[in-house]
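Structure at a glance
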Amino acid sequence: MGNPKQKPSDKKSIISIDYDEPQTDWRSIYVAAALSFVGSAQFSLYFSALWPYLQILDSTSTEQFFGYIVAIYSVGQIISSPTFGYWSNAIKQVRIPLYVGLFLMFLGNALYIALELATFPKKYLMFICRFITGAGSGNVTLLRTYASTASTFKDRPRAIAFVTCGQALGMTCGPALQLIFTPLGYPGFQLFHTLTINLYTAPAYLACAMNVFGAIALKFLFKENYAGIIEPSPSSSPAKPTTTTSAIASLPMYDITAVLICYCTRFTQMFINTNLETIGSAFSMMMFNFSETKAVTYTAAAQGCVGIFTFLTYFAYIGLKLETYISSRKACMLSLVMLIIFHLVTYSWPFIPGHVEMHNSSSVIAAELRVGCNTDKFSWCEELAPVNVYLYYAAYIIVIGFAFPIMNITVTTLFSKILGPRRQGTQQGIFQVSGGVARMVGPIAVSMLYTEFGPRMAWNMEIFVIGATLLAWCFFYRRMIPLQIPSIDPEICVMPTGGTKIVPNTPKPRTMSSTSASNE
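This write-up is about the structure you can find in this document. (Residues numbered from 1 in each chain as written. Predicted model: local features only at pLDDT ≥ 70, side-chain atom pairs only at ≥ 80, totals over all residues. Heavy atoms only, no water.)

1. Description of the overall build of the protein chain
Along its length, the protein chain carries 18 helices and six strands. Going through the 520 residues of the protein chain one by one, you find that 51% of them count as buried. Counting contacts in the protein chain only where the partners sit at least 6 residues apart, residues at least 24 apart contribute 82% of the total. When the accessible surface of the protein chain is split by element, carbon and sulfur atoms take 66% of a total near 24100 Å². (Helix = DSSP H or I, 4+ residues; strand = E, 2+ residues; numbered from the N terminus. Buried < 20%, exposed > 50% of the residue type's maximum accessible area, 1.4 Å probe, protein only. Contact = heavy atoms within 4.5 Å. Areas by Shrake-Rupley, 256 points an atom, 1.4 Å probe, with all protein chains shown as cover.)

Pasting the structure below:
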């Protein structure tokens, strides 16, 4: 018997048009991770050398002006991040803005090298240098955007883990690279009878070299392949709308509430991180009666351990695909809970027996060593109970070593999924700005509270910020999910590469990933 006559609709359900299945371009993701390392290293590479070099260049410079120099880096990043993001959205590429960011970082470091030759007031030129370098480092927004939109839905956590790992590596290795140049000393040796290479300027030479190699890698190894964006085919025109363009026009608006919670979470993360860095050494010297040398040693050792835990966390996401075992929502909330536990464990509770060591102007030895709590400077010394030093550093290493990298990956991943398969430059720029604002506001707020009221009030502020963010997650937990995309024409499935595939005509809605969305 012959086959029954097929209806046109039956034929449509079995005929398909050839298309390229979208794939994550991992080589470009690796280049983005390397460029993230370059951008992050620009911030941490100078930390230990900036203040003594400023004193050599201009002995009249004060600690307050040095604070402005440190803060202006974040100001430059806050301005450039949304600008780069908006620009990349407008031109639908990240390559050109990335070149501009690398050039600005190169220019800022080149001016830093030339500081000794400048006739312009050197401290103000250093201020300008750090602003330009910070503005260039805003291209990290583009790298996070690329990782979010160039990866497929299932590859996104791993792709973002690579880029954020590059950032973490840059922040961690920056101070270590500075140690390499210590043997050069000061004034070092001359180059071309004009420029000098010493322990203060050598990091700038290295940063310039990294920017040059980054531009070369961007030119020859980086390709913009977006597997996570749904866009109309270049052949379609506004004059002749197609079913494909109609489907794309139906891409719904993202959940603004969920996006705002991601912004707040990023702010909270950077707020806590910066505050702990700001008062870390002063807190350990006061609370544990450490000398300056001992405080630096313990802090450096703790940071080294945090680095190990951080890379173990990134390995769990990159190599072991941890996201398949715990959803981004749950992992982020768990990280916030861990941060609250850290502050509760290390809180100077009034019922803890004993008091911190105290000194005043008459206690010559203690004053010279600057250890313990100075009763002439702080009125809250006598009421402060000591925190166990081993408990503090153990909690710091475990909580910070796991909570921060988990938040880096999960919040960024979920944020990109909430936005959906659209270009995300502007939103990712604002996401970066929320962290930059925390870096500016945090040190000022925590320093004021610590000076006036002691570590308890500083801890209270941080617990309040973390608690408010966690409460928002609890209230809007069900809304913190990937963008749900209903298909306007179920017969047409729009592929991220621009091709189309004809599928059976069923009323089933199309989502970013039905299984992944349910697991979120």
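2. Quick word on the pattern of salt bridges
Inspection of every chain in the model, using the stated rule, returns two salt bridges. Lys154 is paired through a salt bridge with Asp155; the nearest N and O atoms lie 3.4 Å apart. Taking relative accessible area as the criterion, Asp155 reaches 15% and is therefore assigned buried. Asp255 is the salt-bridge partner of Arg479, the closest N and O atoms lying 2.9 Å from each other. Of this pair, Arg479 sits in the loop between helix H17 (455-475) and strand E5 (492-494) while Asp255 sits in the loop between helix H10 (243-249) and helix H11 (256-287); the two residues are 224 residues apart in sequence, bridging distant segments of the chain. (Salt bridge = Lys/Arg side-chain N within 4 Å of Asp/Glu carboxyl O.)

3. Here we look at the packing of helix H7 (residues 140-149) against helix H16 (residues 425-453)
Two packed helices can be described by the angle between their axes and the distance between those axes. Where H7 contacts H16, the axes come no closer than 9 Å and their chain directions differ by 125°. Between H7 and H16, the angle falls in the class oblique. As H7 runs across H16, the sense of the crossing is right-handed. Contacts between H7 and H16 pair Val140, Thr141, Arg144, Thr145 and Ser148 from the former with Gly425, Gln428, Gly429, Phe431 and Gln432 from the latter. Looking at the contact of H7 with H16 residue by residue, the classes come out as two nonpolar, seven polar and one charged. (Axes fitted to C-alpha atoms, helices over the stretch in contact; angles between N-to-C directions. Parallel < 35°, antiparallel > 145°, perpendicular 65-115°, else oblique. Left-handed = near helix turned anticlockwise from the far one by under 90°. Nonpolar A, V, L, I, M, F, W, Y, C, P; charged D, E, K, R; others polar.)

4. Remarks on the state of the cysteines
On inspection of all chains with the given rule, the structure shows one disulfide. With a sulfur-sulfur separation of 1.9 Å, Cys373 is cross-linked through a disulfide to Cys381. Handedness of the Cys373-Cys381 disulfide follows from its S-S torsion of about -70°: it is left-handed. Judged by relative accessible area, Cys373 falls into the buried class, the value being 0%. Overall, Cys381 belongs to the buried group, its relative accessible area being 1%. (Disulfide = S-S within 2.5 Å.)

5. Brief notes about the side chain of Thr145
Relative to the assigned elements, Thr145 resides in helix H7. Residue Thr145 is classed as buried on the basis of its relative accessible area, which comes to 5%. Within polar-contact distance, the side chain of Thr145 engages the backbone oxygen of Thr141 at 2.7 Å. With near-sequence residues (within four places) excluded, Thr145 lies in contact with Gln424, Gly425 and Gln428. (Polar contact = N/O pair within 3.5 Å; in protein donor to acceptor, adjacent residues only side chain to side chain.)

6. Things to note about a nonpolar patch on the surface
Nonpolar side chains collect at one region of the surface, where Phe106, Val212, Phe213, Ile216, Phe220 and Leu221 lie side by side and expose about 590 Å² of accessible area between them. Considering each element in turn, the nonpolar patch owes the most residues, four residues, to helix H9 (residues 202-220). (Patch = residues over 30% accessible without salt bridge, like charges linked within 9 Å, V, L, I, M, F, W, Y side chains within 5 Å.)

7. Side note on the packing of aromatic side chains
Note on aromatic pairs: each is described by the distance of the centres and the angle between the planes. For the structure shown, the criterion picks out 31 aromatic pairs. Centroid distance Tyr53 to Tyr200: 5.2 Å. Interplanar angle 15°. Geometry classified as stacked. Here Tyr53 is found in helix H3 (residues 47-57), whereas its partner Tyr200 is found in the loop between strand E2 (195-197) and H9, with 147 residues between them in sequence. Residue Tyr53 shares its accessibility class with Tyr200, and that shared class is buried. Relative to Tyr393, the ring of Phe288 has its centre 5.9 Å away and its plane inclined at 45°; by these criteria the two rings are tilted. Here the residue Phe288 occupies a position in the loop between H11 and helix H12 (292-318), and Tyr393 occupies one in helix H15 (residues 389-419), the gap between them amounting to 105 residues. Among the residues examined, Phe288 registers a relative accessible area of 11% and is labelled buried. (Phe/Tyr/Trp six-rings, centres within 6.5 Å; stacked < 30°, edge-to-face > 60°.)

8. Notes on the nonpolar core
By size, the foremost hydrophobic cluster in this structure holds 63 residues, and its most contacted members are Met286 and Tyr392. Of all the elements in the fold, those that place two or more residues in this core are H11, H12, helix H13 (328-345), H15, H16 and H17. Per-element accounting of this core gives the leading share, 15 residues, to H15. In contact with Met286, not counting residues within four places along its chain, are Val356, Gly372, Cys373, Trp380, Leu384, Tyr450 and Pro455. Among the nonpolar cores identified, the runner-up in size contains 38 residues, and Ala159, Phe162, Tyr314 and Ala331 belong to it. (Core = buried A, V, L, I, M, F, W, Y, C linked by side-chain atoms within 4.5 Å.)

9. Quick look at the environment of Met480
Here Met480 shows up in the loop between H17 and E5. Under the relative-accessibility criterion, Met480 is labelled buried at 0%. If near-sequence neighbours (up to four positions away) are discounted, Met480 is found in contact with Ala258, Ile261, Cys262, Arg329, Leu414, Ile418 and Trp473.

10. Here we look at helix H5 (residues 95-113)
For H5, spanning 19 residues, the distance from its first C-alpha to its last is 27 Å, which sits close to the expected 27 Å at 1.5 Å a residue. Turning to H5, its buried residues number three or more, namely Arg95, Pro97, Leu98, Gly101, Leu102, Met105, Gly108, Asn109, Tyr112 and Ile113. (Expected span 1.5 Å × (residues − 1).)

11. A word on the side chain of Arg95
Structurally, the position occupied by Arg95 is in helix H5. Glu224 provides the closest opposite charge to the buried, salt-bridge-free Arg95, at an N-O distance of 4.3 Å. Of note is the side chain of Arg95, whose polar atom sits 2.6 Å from the backbone oxygen of Leu218. (Lys, Arg positive; Asp, Glu negative; His and termini not counted.)

12. A word on unusual backbone geometry
A positive phi angle, close to 55°, is found at Lys92, a residue other than glycine. Along the polypeptide, Lys92 turns up in the loop between helix H4 (63-91) and H5. Notably, Lys321 is not glycine yet its phi reads approximately 50°, a positive angle. Checked against the element boundaries, Lys321 lands in the loop between H12 and H13.

13. Things to note about H11
Between its terminal C-alpha atoms H11 stretches 43 Å, which fits the 46 Å expected from 32 residues at 1.5 Å a residue. At Gly280, H11 shows its largest kink, close to 50°. The residue sitting at the N-terminus of H11 and contributing the capping side-chain oxygen is Asp255; that oxygen lies 3.0 Å from the backbone nitrogen of Thr257. Directly after H11, the chain includes Asn289, whose backbone phi takes a positive value near 60°. (Bend = angle between axes of the 7 residues up to and from the residue.)

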